[in-house]
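Listed below are the residues making up each chain.
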Amino acid sequence: MTQSQLNFHKLFPLSLFAIILLFNSAAIAQQSKGTIKGHVVIQNDGPAENVSVTLKGTKYGTITNEDGDFTLRAPQGKYTMVISQVGSKSQETLVDLAAGQSLTLPQFTVSKASNNLQEVSISGSKVNKFKTKKSVDVAKMPLSNLENAQVYTTITNQLIQEQQLFSVDDALRNAPGIQKMWEATGRGGDGGSYYNSRGFIVQAKLRNGIAGNITSGIDAVNLDRIEVIKGPSATLFGSTLTSYGGLINRVTKSPYDSFGGEVSFADGNYNFHRVALDINTPLDVQKRVLFRLNTAFNNEGSFQNNGFNRAWAIAPSLLYKVNDRLTISADAELSYGKNIGKSIFFMPYGQSVAALGYTSADQLKLDYKQSYYGDDLTQTSRSTNFFGQIKYKISDQWTTSTNISSTHSFSNGFGPYYYLLPGDSVSRNDQSTRNSTDNMIEIQQNFNGDFKIGKFRNRVVAGLDFFRENSNQFFFGSTLDTVSVKGSHNYSNFNQAAMNALYATGKYGFTYPSIYKTNTYSAYVSDVFNITDQLIASAALRVDRFDNKGNYDPTTNTTSGGYKQTAFSPKFGLIYQPVKDHVALFANYQNGFTNKNGISENSKPLKPEQANQIEGGVKIDLFDGKLSSTLSYYNIKVKDIVRQSTINQALSVQDGTQISKGFEAEIIANPVTGLNIIAGFAYNDSKLEKTADLTVEGLRPTTAGSPYSANFWASYRISKGLVKGLGFGFGGNYASDNKIINSKTLGVFSLPAYTVLNASAFYDVRQYRVGFKMDNLSNQKYWIGYTTVNPQKLRSYALTFAYKF
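This text gives an overview of the structure that appears in the document. Only a predicted model underlies this, so the values are computations on that prediction, with no experimental measurement involved.

A few words now on the overall build of the protein chain. Of the regular secondary structure elements, the protein chain holds 6 helices and 47 strands. Here the protein chain has a C-alpha radius of gyration of 27 Å; the compact-globule value for 805 residues is 28 Å, and the two agree. Buried positions account for 54% of the 805 residues belonging to the protein chain. Carbon and sulfur atoms provide 56% of the accessible area of the protein chain, an area that totals close to 33,700 Å². Taking the 79 positively charged and 62 negatively charged side chains of the protein chain as two groups, their mean positions are separated by 3 Å.

So, in structure tokens, the structure goes:
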């Protein structure tokens, strides 16, 4: 590793620590102040967000959050508090505040703003606009970040919009410790791109807390925010859609009760063109039936000589407010794509690094801009997903929600890939899918309670979940040829005609049917228990019954390998807030599991593989929300990993272990008006402790990604004057070396460290927004992959324009 990389590793965490010390230096001074709390609602509607709350004639003020709540700290004294909203009449009330006092005011009610400002039109004035204080999905109940012992990161719509991002892939670069490993393949059931979190592979398979699988790249057109939930999370979300590193949950936009929306256009290099529409309207005079449509068309070429991706995304959403207690919603996500797969270079099984002759991707003689295939090895993918929810308020303490998700993935076509061979050559191969489908259905019933037993507050969720997967996928492929990557060659003969001619002979290099059905029946309960106002304990348990019907072999017309298995998944958390609502010390124990089939050496069925995490750290929310930060240390131990018996190859031994531990830090700050900063740092140390392959025992897994990673973004938006709404942003991502071969016998091959810098400029006013962005400013060549070498996009730019109505 170079000296500059070592310096980065030292300086970045020190910089984060210095920023936290800088903000904390004034925390003691706050102790002499009092706290004013309150809640604001809109007349005949719900909570009022972004309502101004000020102490008249002073510098003290804040705005309400998404739940209509506000917290304001000020020195002791008598004040006139002003509650005001654009388009509504302001309200005033007298407040007498003592030092150290926590004063909760009666509820305020404001009338609906006459100009019906919505979402993005007011986002520029929001304090710390890149922060979201509360989530309803992370714990399956409304819970603020400082009350939740689990670590998670929220990527807001405001950040996505400011960076002018168009996909989940691009948005996730703002999450600490998340590293993209593979782009979406488009194959049915793959679930979009592959990422790494805490040393384990994870995908964005959840939408609003339940199954929402999308085969291709996931468009951001209907995203309100993305929640990256860290660590094993099977207790509340099961094992099928999560990993030991966590999960990625997409939270989508909801209909609102006035007419509005926007139409946007984008154009850039590599033949990039995009048009998107977001339109919302009530469908009745009483505004009980609300409809919203988000849709986008995206076309993009490649930085290489061949390759493209064209995709449609359509996401209608209907909300029916039957009465004050009952709401019914129905959504859909429809996507269609046609593409040529990105270049992926594998290492042949058993081939040593010495035989290849190179130890790093930047040493290879590959032409970075050469695809090595023709222009017609296309693949078609479709995702047709439907969602429904019935939510009913039983009482002031209890609500029930019934949720259903039905996802349908389809893929058909070619998937070119390569093997790196000695002598500066590659073999050119195809893995095709033939009308492959993967269908999932999830039905989930939740009961949420918020009540007291004596003086102790309990927030409870109890749920039942049914999940079914029906996979009917068929993969096949073959090797076309081996070619040299040196000199000048015409590589366009790796095309559809050549592969069809090869397959017409009926001789495939391999076939791989993935045809199976599984059912999972689950029950879970979770309780967040306030021992005191400052001490919160949580406990949860899941019981999971997995029923695998077996794998179908079309050549023999038989089904085999079916099994049933029961798993228990506990979860515990503890929160202590030494400074109420501002500083939280937390610890958690979290569990994940993977169902395993087979017979052990003692002739007993295998049990589920388990991953157990212990984590501790601190969360802070200071200066009226202007500084939010999370620091955590975690230790994940995977046990009961299956390896083949040395006595009888038909049997298994279940004693393998893997350790993944590390540190993560995130800062979201709004130090002065108009300036917003997000920064993250992650370090991960993964090790295979006990494994059947002794050549990798004690080493970092080749799927664990880079040990060090960091993200940063800073933006400034002018809030006054003639150019109000003009802003600029700059940031980037860093990842250290990634070992994709790491073996005592085969050697070590790495993807080199990279730093990718990005920038944007925008002018955002009430009726329109115009922007320009440039990614990979330095035009750096870099690679991602786990066990593979995947070249990434060079410098790109786009001009965007949106008209709001």
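Right, let's talk about the environment of Thr35 for a bit. The topology assignment puts Thr35 in strand 1 (residues 33-42). In sequence terms Thr35 and Arg73 are 38 residues apart; their C-alpha atoms lie 4.5 Å from each other. What Thr35 contacts, discounting residues up to four positions off in sequence, is Thr71, Leu72, Arg73, Leu97, Gln101, Ser102 and Leu103. Polar side-chain contacts of Thr35 include one of 2.8 Å to the side chain of Arg73.

Where helix 6 (residues 496-504) begins, the side chain of Asn495 points an oxygen toward the backbone nitrogen of Ala497, at a separation of 3.3 Å. Immediately downstream of helix 6, the backbone of Gly506 shows phi near 80 degrees, a positive value.

What follows concerns the sheet that holds strand 13 (residues 194-197). The strand order across the open sheet formed by 3 strands is 12-13-14, and the pairing between neighbours is antiparallel. Each edge of the sheet is formed by a strand with only one pairing partner; in this case those strands are strand 12 (178-182) and strand 14 (200-202). Taken pair by pair, the neighbouring strands of this sheet meet at an average axis angle of 40 degrees, ignoring direction. Sheet analysis places strand 13 next to strand 14, joined by 3 bridges and oriented antiparallel. From the neighbouring strand, Tyr195 faces strand 14, where its bridge partner is Val202.

Inspection of every chain in the model, using the stated rule, returns 33 salt bridges. The partner of Glu262 in a salt bridge is Arg769, with the nearest N and O atoms 2.9 Å apart. Residue Glu262 is located in strand 19 (residues 260-268), and its partner Arg769 is located in strand 44 (residues 768-775); the two are separated by 507 residues in the primary sequence. As far as the burial class goes, Glu262 and Arg769 line up, both buried. A salt bridge links Asp278 to Arg292, with the shortest nitrogen-to-oxygen separation between them at 2.8 Å. Of the two residues, Asp278 sits in strand 20 (residues 272-282) while Arg292 sits in strand 21 (residues 289-300), which places them 14 residues apart along the sequence. Judged on exposure class, the residue Asp278 and its partner Arg292 are both buried. Because the salt bridges share partners, they merge into one network encompassing Arg198, Lys230, Glu615 and Glu664.

Moving on, we come to empty space enclosed by the protein. Per the counting criterion, the structure on display carries 11 cavities of 30 Å³ or more. Put simply, the largest cavity is a space of about 170 Å³. The wall of the largest cavity is formed by 21 residues, among which Asn148, Ala149, Val528, Ser538 and Lys571 lie closest to the centre. Listed by contribution, the elements that provide at least two residues to the lining of the largest cavity are strand 30 (510-530), strand 31 (535-553), strand 33 (563-579) and strand 34 (583-594). Within the lining of the largest cavity, the residues separate by chemical class into 12 nonpolar, 7 polar and 2 charged. Here the second largest cavity is characterised by a volume of approximately 140 Å³. What lines the second largest cavity is a set of 17 residues, among which Phe237, Gly238, Glu442, Asp465 and Arg542 lie closest to the centre.

Once that is clear, we can look at the side chain of Thr153. Position of Thr153 among the secondary structure elements: in strand 11 (residues 152-156). Judged by its relative accessible area of 3%, Thr153 is buried. Only 3.3 Å separates the side chain of Thr153 from the side chain of Glu666, close enough to count as a polar contact. Excluding its chain neighbours within four sequence positions, the residues that come into contact with Thr153 are Asn174, Ala175, Pro176, Ile226, Glu227, Val228 and Glu666.

Among the surface-exposed residues, Phe259, Phe265, Val275, Tyr768, Val770, Phe772, Tyr797, Leu799, Phe801, Tyr803 and Phe805 lie close enough to one another that they form a single nonpolar patch of about 980 Å² accessible area. Mapped onto the nonpolar patch, the elements with two or more residues apiece are strand 44 and strand 47 (796-804). For the nonpolar patch, the element with the highest residue contribution is strand 47, accounting for 4 residues. On the secondary structure map, Tyr803 appears in strand 47.

The rules behind these values
- Residues numbered from 1 in each chain as written.
- Predicted model: local features only at pLDDT ≥ 70, side-chain atom pairs only at ≥ 80, totals over all residues.
- Heavy atoms only, no water.
- Helix = DSSP H or I, 4+ residues; strand = E, 2+ residues; numbered from the N terminus.
- Rg over C-alpha atoms; globule rule 2.2 N^0.38 Å.
- Buried < 20%, exposed > 50% of the residue type's maximum accessible area, 1.4 Å probe, protein only.
- Areas by Shrake-Rupley, 256 points an atom, 1.4 Å probe, with all protein chains shown as cover.
- Lys, Arg positive; Asp, Glu negative; His and termini not counted.
- Charge placed at Lys NZ, Arg CZ, Asp CG, Glu CD.
- Contact = heavy atoms within 4.5 Å.
- Polar contact = N/O pair within 3.5 Å; in protein donor to acceptor, adjacent residues only side chain to side chain.
- Pairing = 2+ DSSP bridges.
- Axes fitted to C-alpha atoms, helices over the stretch in contact; angles between N-to-C directions.
- Salt bridge = Lys/Arg side-chain N within 4 Å of Asp/Glu carboxyl O.
- 1 Å grid on protein atoms, 1.4 Å probe; cavity = no way out; pocket = protein on both sides within 12 Å on 5 of 7 lines; lining within 4 Å.
- Points joined across faces, edges and corners; volume = space filled by probe spheres on them.
- Nonpolar A, V, L, I, M, F, W, Y, C, P; charged D, E, K, R; others polar.
- Patch = residues over 30% accessible without salt bridge, like charges linked within 9 Å, V, L, I, M, F, W, Y side chains within 5 Å.

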